[in-house]
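Summary of the model geometry
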Amino acid sequence: MLKLSFLKRLVVGGAIAAVMFATARINAQNLTLEGQTGGFITPTAYVVLSNQDHVWSNPAVSYHFVNASSVIGYVNTFSVEEGIANRAEFGYTRSVHFEGNSPAFSSLWDYSGMNVFNAKGVAIKDGQFGAWTPGIGGGVVVRTGDKFVSGALNQELYGSLKSYTNEDVYVAATKTWLKPPVPFLLNFGFKMTNASIFGLGGQSTRFMGRLFGGLGIPVPLGHNLAAVPAIGFTQQPPQVVNLGAILFPQGSGAHIPTTMDYAVRVTQKDNPHFAFDIGVGHVAGVIGHTAVPTGIPNPPYVVIPIDLKANAVIGTGLSYRY
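W109 and L308 are the most contacted members of the largest nonpolar core, which totals 32 residues. Those elements that provide at least two residues to this core are helix 2 (69-72), helix 3 (150-158), strand 13 (284-293) and strand 14 (301-310). Looking at which element gives the most residues to this core, the answer is strand 14, with 3 residues. Ignoring anything within four residues of it in the chain, the contact list for L308 reads S69, V71, I72, W109, A284, G285 and I287. Counting 5 residues, the second largest nonpolar core, distinct from the first, contains V116, V141, A172 and F212.

See below:
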């Protein structure tokens, strides 16, 4: 009887916690690395919330830092996002970059950063047509002033530094389920893009379709706080403009893996205004090989791996909604 009573209290306690989550809007002020509402990297079918009887939201702002390895360097993003009638949002992010210290490859990222603009609309709200109805939204991301990799190699190969503009056009389906036995947040999407690694890897050779998604499990912490351990993925275009010209053997292609992120978000359960993210990401390791002249007759060159050393990058983020 004692065991049954304890289990009953445990189940009831879990149900109460789930109801508390159900009354919370724990996702809508959380901004991604590029400024949209979403996970650490991937956008969701949610937007910055507007208060009742208000068309315009209070702005949401965020700062993210990613230690993207000794080769790529350090990425800082500063974002501001505005919501419209709980159906749309738009915003701007300035990505500020500091160079790594690899004498062989860090020059490909020796630039101050780029501008990122985004807009999103929600066609179907989460739960609009029943408890299991996911939210459906779509948006665009435009990055300007992107000189990373493709632009830098353009200067090396053709004598002129080129600044690229690349875009994502995406649709996302997102479901937050906050009832027993297991609450979860599931997100899945499809995008057309010509950006490699969100522009940090340069311009892809063509505009192509890629998948992204993620899964999070909300856990109550007490003191009106919740933690959301999550995993996310984003497929990357396989090839990068101008990169093939330095790969060895000639005509070989690069290997740009799927970006993975493993993060924990801490936020408020009721009337949330802030979110803190910390996580680890898998970006890229050895993406190919290149031949480097030795300056001597024998051997005339040596083949070395192009190792981005970004298999375990550390990232943090802080979002706040006024």
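The full count for this structure, using the stated rule, is 6 salt bridges. For E34, the salt bridge goes to R143, with nearest N and O atoms at 2.7 Å. Of this pair, E34 sits in the loop between helix 1 (2-22) and strand 1 (60-67) while R143 sits in strand 5 (residues 135-146); the two residues are 109 residues apart in sequence, bridging distant segments of the chain. Here E34 matches R143 in class, with each residue buried. For the salt bridge of D168 with K191, the shortest nitrogen-to-oxygen distance reads 3.6 Å. Residue D168 is found in strand 6 (residues 164-177), and its partner K191 is found in strand 7 (residues 184-195); the two are separated by 23 residues along the sequence. The same class applies to D168 as to K191, namely buried. Members of the salt-bridge network, linked through shared partners, are E34, R143, D168 and K191.

Mapped onto the secondary structure, N187 falls in strand 7. Among the polar contacts listed, one links the side chain of N187 to the side chain of T174, at a separation of 2.6 Å. For N187, the residues in contact, after removing those within four places along its chain, are T42, P43, T44, A45, A172, A173, T174, F212, G213 and G214.

There is about 220 Å³ of room inside the second largest pocket. Along the walls of the second largest pocket sit 13 residues, with A104, S107, L108, L153 and E156 positioned nearest its centre. Residue assignment for the lining of the second largest pocket shows that the elements contributing at least two residues are helix 3 and strand 13. The greatest single-element share of the lining of the second largest pocket, amounting to 4 residues, is contributed by helix 3.

In this section: helix 3. Three or more residues of helix 3 are buried, namely S150, G151, A152, L153 and N154. Residues of helix 3 that are buried sit in contact with strand 6 and strand 8 (203-216). Positioned one or two residues after helix 3, G159 has a phi angle of 85°, which is positive.

This part takes up the confidence of the model for the protein chain. Across the protein chain, pLDDT averages 90, with 91% of residues at or above 70. Note that pLDDT drops below 50 for residues 1-24; the model gives that stretch 19 contacts with residues more than four away or on any other chain.

Moving on: the pairing of strand 5. The two faces of the sheet receive side chains in turn, since in a regular strand these alternate between them. Both strand 4 (residues 113-124) and strand 5 contribute to a ladder of 9 bridges, which runs antiparallel. Within the sheet, the bridge partner assigned to A119 lies in strand 5 and is V140. As defined by bridge partners, strand 5 adjoins strand 6 across 10 bridges and the pair is classed as antiparallel. Bridged to R143 within strand 6 is N166.

Attention shifts here to the environment of P220. Its place among the elements puts P220 in strand 9 (residues 219-222). Its relative accessible area of 38% is what places P220 among the partly exposed residues. For the pair P220 and V266, spaced 46 residues apart in sequence, the C-alpha to C-alpha distance is 9.7 Å.

Turning our attention to the environment of R265. Tracing the backbone shows R265 in strand 11 (residues 259-268). For the pair R265 and A226, spaced 39 residues apart in sequence, the C-alpha to C-alpha distance is 8.1 Å. In contact with R265, not counting residues within four places along its chain, are N30, L31, G38, G39, F40, A226, A227, V228, A275, F276 and D277. One polar contact links the side chain of R265 to the main-chain carbonyl oxygen of G38, over a distance of 2.9 Å. A polar contact is formed between the side chain of R265 and the side chain of D277, at a distance of 2.7 Å.

Cut-offs and rules
- Residues numbered from 1 in each chain as written.
- Predicted model: local features only at pLDDT ≥ 70, side-chain atom pairs only at ≥ 80, totals over all residues.
- Heavy atoms only, no water.
- Core = buried A, V, L, I, M, F, W, Y, C linked by side-chain atoms within 4.5 Å.
- Buried < 20%, exposed > 50% of the residue type's maximum accessible area, 1.4 Å probe, protein only.
- Helix = DSSP H or I, 4+ residues; strand = E, 2+ residues; numbered from the N terminus.
- Contact = heavy atoms within 4.5 Å.
- Salt bridge = Lys/Arg side-chain N within 4 Å of Asp/Glu carboxyl O.
- Polar contact = N/O pair within 3.5 Å; in protein donor to acceptor, adjacent residues only side chain to side chain.
- 1 Å grid on protein atoms, 1.4 Å probe; cavity = no way out; pocket = protein on both sides within 12 Å on 5 of 7 lines; lining within 4 Å.
- Points joined across faces, edges and corners; volume = space filled by probe spheres on them.
- pLDDT = per-residue confidence, 0-100.
- Pairing = 2+ DSSP bridges.

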